[in-house]
Every structure is written in C-alpha cells, then in structure tokens.
Amino acid sequence: MQYLHLEQTYQQQYQFHENADGATMRYMDRSFQLLGKFVPPAGLLCLVSMFCATVFSVFFAALYVFKEVVSACRNVMNACQAVIRSADAIERARLILRSWAELFFILFVFYVCDRTNTFPERTKSYSRDFFIAIFVTLAAYGCYQTLRQSKTSAPLNREQTEEWKGWMQVLFLLYHYFKASEIYNAIRIFIAAYVWMTGFGNFSYYHVRKDFSVGRFSQMMWRLNFFVLFVCIALRNDYVLYYICPMHTLFTLFVYFSLLVFKEHNTSTNMIVAKMVILIVLVYVIWEVPGVFTVLFKPFEWLLSYTDPKKPDVNPMHEWFFRSGLDRYVWIYGMVCAFVHPKYEAFVRWVDEKPTKEKTVIQGLILTVNTIAAYWWYTTYYVLPKLEYNVVHPYTSWIPITIFIIFRNFSLTMRSYFIHIFCECGKITLETYISQFHIWLSSSVPNGQPGMLLGLLPEEYPVLNFMLCTAIYVGISQRIFMLTNDLKVACVPNANNRLLSLHAYFGVAWFIGMGIAGSALLMAI
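Rules of the game
- Every chain is numbered on its own, with residues counted from 1 as its sequence reads.
- Only residues with pLDDT of 70 or above have their local features reported here, since the model is predicted, and side-chain atom pairs are shown and tallied only from 80 upward, although totals for entire chains, interfaces and linings are computed over all residues.
- Side-chain metrics rest on all non-hydrogen atoms present in the structure, leaving aside hydrogens and water.
- In this text, helices come from DSSP runs of H or I with a minimum length of four residues, and strands from runs of E with a minimum of two, each type numbered from the N-terminal end.
- Burial classification: accessible surface area is computed with a 1.4 Å probe over protein chains only, and a residue below 20% of its type maximum counts as buried, one above 50% as exposed, and the rest as partly exposed.
- Whether two residues are in contact is decided by their heavy atoms: any pair within 4.5 Å suffices.
- Throughout, the Shrake-Rupley method with a 1.4 Å probe supplies accessible areas, and for residues the shown protein chains are the sole cover considered.
- By this rule the span expected of a helix is its residue count minus one, scaled by 1.5 Å.
- Here, the arc refers to the directions that run from the helix axis to the C-beta atoms.
- Here a pair means two rings of Phe, Tyr or Trp (six-membered ring of Trp) with centres within 6.5 Å. Their orientation is stacked below 30 degrees between planes, edge-to-face above 60, and tilted elsewhere.

Participant: What is the right way to read the overall build of the protein from this model?
Facilitator: Each helix and strand in the protein was counted, giving 21 helices and five strands. Split into buried and exposed, the 525 residues of the protein put 40% on the buried side. Of all intrachain contacts in the protein linking residues separated by at least 6 positions in sequence, the fraction that spans at least 24 positions is 79%. When the accessible surface of the protein is summed, it comes to about 30800 Å², and 69% of that surface belongs to carbon and sulfur atoms.

Here's what the structure looks like:
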C-alpha cells in the first residue's frame with residue numbers, strides 16, 4: 001500500500017513537471033471539464049460569445065482610434081496645404097496689386113509728358129534719307145543678327161505674321177514721328193493689312209478650334225480695349241482718337257458672330273460661302289447706302305463720336321465713318337484667305353516636292369506674274385493723290401496684300417525663316433500705337449492729334465532725343481503688353497463663367513463709382 005501511494009505521488013509529480021505546453025493544455029482540459037460540470041452548455045456558449053464580443057470590441061475600438069489618428073494627421077496636412085495655398089494666394093494678390101499700381105504709374109507718366117509743361121515740345125521735320133536709313137539699318141541688323149528658323153514651314157505661320165506686323169509698325173511709327181506724308185498710301189495699305197489679319201486670325205481660330213466660349217471672347221475684348229479705356233479716362237480723350245482699337249473691335253465682333261450663328265454647319269463650304277456673301281452685302285448696305293450708317297451707329301454716338309480741337313465744326317461721327325469705311329471689306333477677304341489657307345498650303349508643298357527643274361519653272365512663273373501684277377497696281381492705283389487713293393482703297397487694298405503673301409511664301413526657304421526683332425515688334429503693335437500719342441509724340445490737349453514731338457534733350461540734339469525717347473517709349477510699351485496679359489489672366493478667367501460674371505459686375509460698379517467721384521471732384525474744383 002505504501003508502495004502504491006509513492007508510485008501515484010511520483011506519477012502526479014511527473015505529470016506536473018511535463019513541458020509547459022503540455023501542462024497548460026492538460027490544465028485547460030481539466031478546467032473545461034470542471035467548468036462543464038458546473039456550467040450548462042448554453043451558459044458556456046454565452047461565455048464564449050461574450051469573449052468573442054470583447055475581442056471584436058477591442059479590435060474595432062483600436063481601428064476607430066487608428067482612423068481618428070489618420071484623420072487628425074490628414075487635417076494637419078490639409079492645414080499645412082491651406083497655409084501654403086494662402087501664401088501662394090497672397091503672393092498672387094501682391095503681384096496683381098503691383099501690376100495695377102504699375103499701370104496707374106504709367107498713366108501718370110502719360111499725363112505728365114502730354115498734359116503738363118514738364119518737358120518741352122519739338123517740331124517734326126522730315127528727311128527721306130534719315131527715314132530710310134533708320135529702317136534699313138534696323139532691317140539689316142535683324143537679318144544678320146536675329147534671323148531664326150520658324151517652327152513650321154507652313155505659309156502665313158505665326159512667326160511670319162508677327163514679323164509682318166512688326167516691320168509695318170516700324171514704318172507706321174516713323175511715318176508719324178517724321179510726318180512722312182509722301183508714304184501716306186503705303187500706310188493705308190499697312191493698316192488694311194492689320195485689318196486683314198483680324199479677319200484671317202479670328203476666322204482661323206474659331207473655324208478650327210470651334211471655341212466660342214464667353215471667356216475666350218472676353219479675353220479678346222480685354223486685349224483690344226483694356227489699356228485704351230484707361231488712357232481715355234486718364235487723359236480725357238475720345239475712344240475714336242485711337243481708331244485702331246474700335247475698328248478692330250468692330251470687325252472682330254463681325255467675325256465672331258458670323259461664325260457663331262449656325263456654328264454646327266461651319267464645316268460646310270456652302271454655309272461658309274453663304275455667310276461671306278451675307279457679310280459683303282451687310283457691309284455694302286451699312287457704308288454705301290446713304291443714311292444707314294448714321295441710323296445704325298446713332299445709339300453709340302456717345303462712344304464713337306470724335307471732335308478734333310482744330311476742326312470743331314466737323315460732324316462728330318465723320319471720323320468713325322471715314323476710318324472704319326476705308327477698310328470695310330478687307331477683313332472679309334482675310335476670312336476668305338483663312339478658309340482657303342489649307343488648299344494654298346497644299347499647293348506650295350506640292351511645288352516644293354517637284355523636281356528641281358520643274359519647281360524652278362513654276363516658281364519663276366509665279367514670280368513673273370506676281371511682279372507684273374505689282375507693277376500694274378503700283379502704276380494704276382498707288383501713285384494716285386491722297387484723296388483720290390482713299391476713294392479706291394476699300395476696293396483695291398486686297399491686291400498688294402495678296403502680292404506680298406505670294407512673294408513672302410513662294411519658296412520653302414522664304415517660309416522657313418523670320419526676322420526675330422520684327423517679330424518682337426509685331427507682338428506689341430497695339431501698345432506702341434497707343435503709347436506713341438503721349439510719350440513719343442505730343443498733343444498737349446484732349447483729343448488733339450499728336451502734331452509735335454516729346455523733347456527730353458535740348459533742341460540741338462534731335463537724333464539723340466529721338467534715340468532716348470524711342471528707347472523709353474519701346475520699353476514702356478513692352479511693359480504695358482506684359483501688364484495687360486497679367487491682368488487679363490487675373491481679371492478675365494477663361495474657364496469659370498460665374499467668376500467672370502462677378503468680375504464684370506465689380507468692374508461696372510467700380511467704373512460707376514469712379515465716374516460719380518470724378519464728376520463730384522470736377523464740380524468741386
């Protein structure tokens with residue numbers, strides 16, 4: 001009996017000192033056996049459920065805490081991004097305010113130069129030799145130092161048209177500075193070429209891209225009229241004094257709305273031809289049927305009237321009728337050229353692909369016919385006196401424009417290069433046109449034609465004065481171009497019509513408020 005007792009004790013000790021996993025399992029088995037004796041199966045299931053529920057609760061609580069931590073981190077990141085965006089917004093606002101301040105400073109400079117006696121005036125004098133020398137020198141420098149290859153060899157590419165505008169603008173400005181009356185007819189052709197580009201460029205854009213959005217249209221109107229509006233207000237000049245702006249605005253409106261109507265049919269040749277015929281008839285009725293022009297523009301007389309202080313008895317609407325009527329058809333011809341441009345491009349490429357001998361013959365024939373046409377036009381129309389030429393100009397200005405286009409694009413080499421300095425001048429034609437009245441030339445009175453020159457140096461140094469004034473004038477014009485574009489992006493959003501409407505309402509309210517304040521100030525003075 002004692003032996004059996006010792007053996008049982010030994011076995012219990014042996015079982016107790018088994019490896020930990022086995023002992024634990026045996027202990028748990030005995031625990032569950034004991035638990036099963038005292039707890040019924042349903043109660044056991046309840047305890048297991050409670051245990052599982054506790055585990056899941058702890059898990060989901062931890063998941064919730066983790067989610068809140070992630071959300072808090074995201075909020076911190078958003079707050080940091082908001083601070084960064086706020087800093088960017090503050091910087092953009094600072095740049096916009098600086099642009100406005102710079103614009104008003106330029107207007108102040110205009111006023112000081114043209115409305116005060118701070119700087120003396122100089123008399124214009126014309127020297128054909130000096131006039132030609134300036135242009136030839138600039139052209140020679142451009143050819144030797146700034147000749148660049150175009151991005152494309154297509155006829156009438158962007159660089160080519162900018163170059164075209166640039167050298168015409170140089171001659172146009174020199175014509176005003178030196179009062180070179182003998183090239184009046186050439187200047188009329190240059191202005192017709194600008195108007196031609198209005199029809200050509202706008203038709204190309206709307207016909208190809210089909211973008212008739214309000215934002216794009218508003219940006220175009222901003223580009224044409226933003227700066228001139230503030231100049232008119234600051235210097236109390238009529239809008240038509242700077243007739244290029246209202247004229248291009250009017251013809252841009254014609255192109256835009258002619259293509260907007262039934263725009264889904266603009267791919268049809270018959271529809272385009274019909275629209276152009278309607279435009280020709282419309283222009284004929286407005287400008288050539290007596291009385292129609294007066295009736296049509298009567299509601300806009302407050303905007304388009306102009307009275308020259310030296311000719312106070314002339315009908316205030318005469319200037320607008322004369323200026324707009326000179327080039328009333330050529331913008332339609334620009335639309336025609338834009339429409340047939342793909343066919344013209346295909347033709348010149350077809351010539352380029354011909355064998356050398358055939359290509360030389362074709363190009364020689366083109367140059368011969370074009371030269372004969374140029375000589376006929378020159379001897380028939382260009383040599384006419386000023387008043388006689390003005391009569392035929394609306395019907396013949398398309399001839400020299402076509403002749404130039406053919407000469408400029410008759411070979412691949414001619415189409416592949418451009419003079420960069422003239423291209424840069426072409427980008428700021430609008431700004432140089434407006435600015436010349438006030439910081440290069442001088443008129444001294446509201447609505448006065450710029451009959452004098454701005455003098456920054458003594459009268460004994462006319463050439464140095466010309467160089468100094470030109471450098472300042474071109475630099476300011478370049479800056480005005482940049483300011484106009486910067487403020488266009490800020491004030492005329494292209495893709496947000498609601499924001500554009502808010503800006504328009506604010507602009508109208510601002511102008512009304514400034515008008516009331518200005519009127520009150522004038523009455524007080």
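Still to come is the rest of the account.
Participant: For this particular structure, what's the right way to read helix H9 (residues 269–288)?
Facilitator: In an α-helix there are 3.6 residues to a turn, and that puts residues three or four apart on one side. Under the 1.5 Å per step criterion, the end-to-end length of H9 is 28 Å for 20 residues, consistent within 8% with the ideal 28 Å. Turning to H9, its buried residues are Ile272, Lys275, Met276, Leu279, Val283, Ile286 and Trp287. Seen end-on, H9 carries its buried residues on one side only, within an arc spanning 95°. Opposite the buried face of H9, by more than 90 degrees, sit the exposed residues Asn270 and Ile278. Tucked into the core, H9 has its buried residues touching helix H6 (184–209), helix H8 (244–260), helix H10 (292–297), helix H12 (318–326) and helix H13 (330–352).

Participant: What's the story with the packing of aromatic side chains in this structure? I'm lost.
Facilitator: The description of an aromatic ring pair uses the distance of the two centres, along with the angle that the planes make with each other. Counted by the stated rule, this structure contains 48 aromatic pairs. A ring pair is formed by Trp100 and Phe104, whose centres lie 6.0 Å apart and whose planes are at 25°; its orientation type is stacked. With Trp100 and Phe104 both in helix H3 (residues 41–115) and four residues apart, the pair spans about one turn of that helix. With centroids separated by 6.5 Å and ring planes inclined at 45°, the aromatic side chains of Phe251 and Trp287 adopt a geometry described as tilted. Of this pair, Phe251 sits in helix H8 while Trp287 sits in helix H9, placing them 36 residues apart in sequence.

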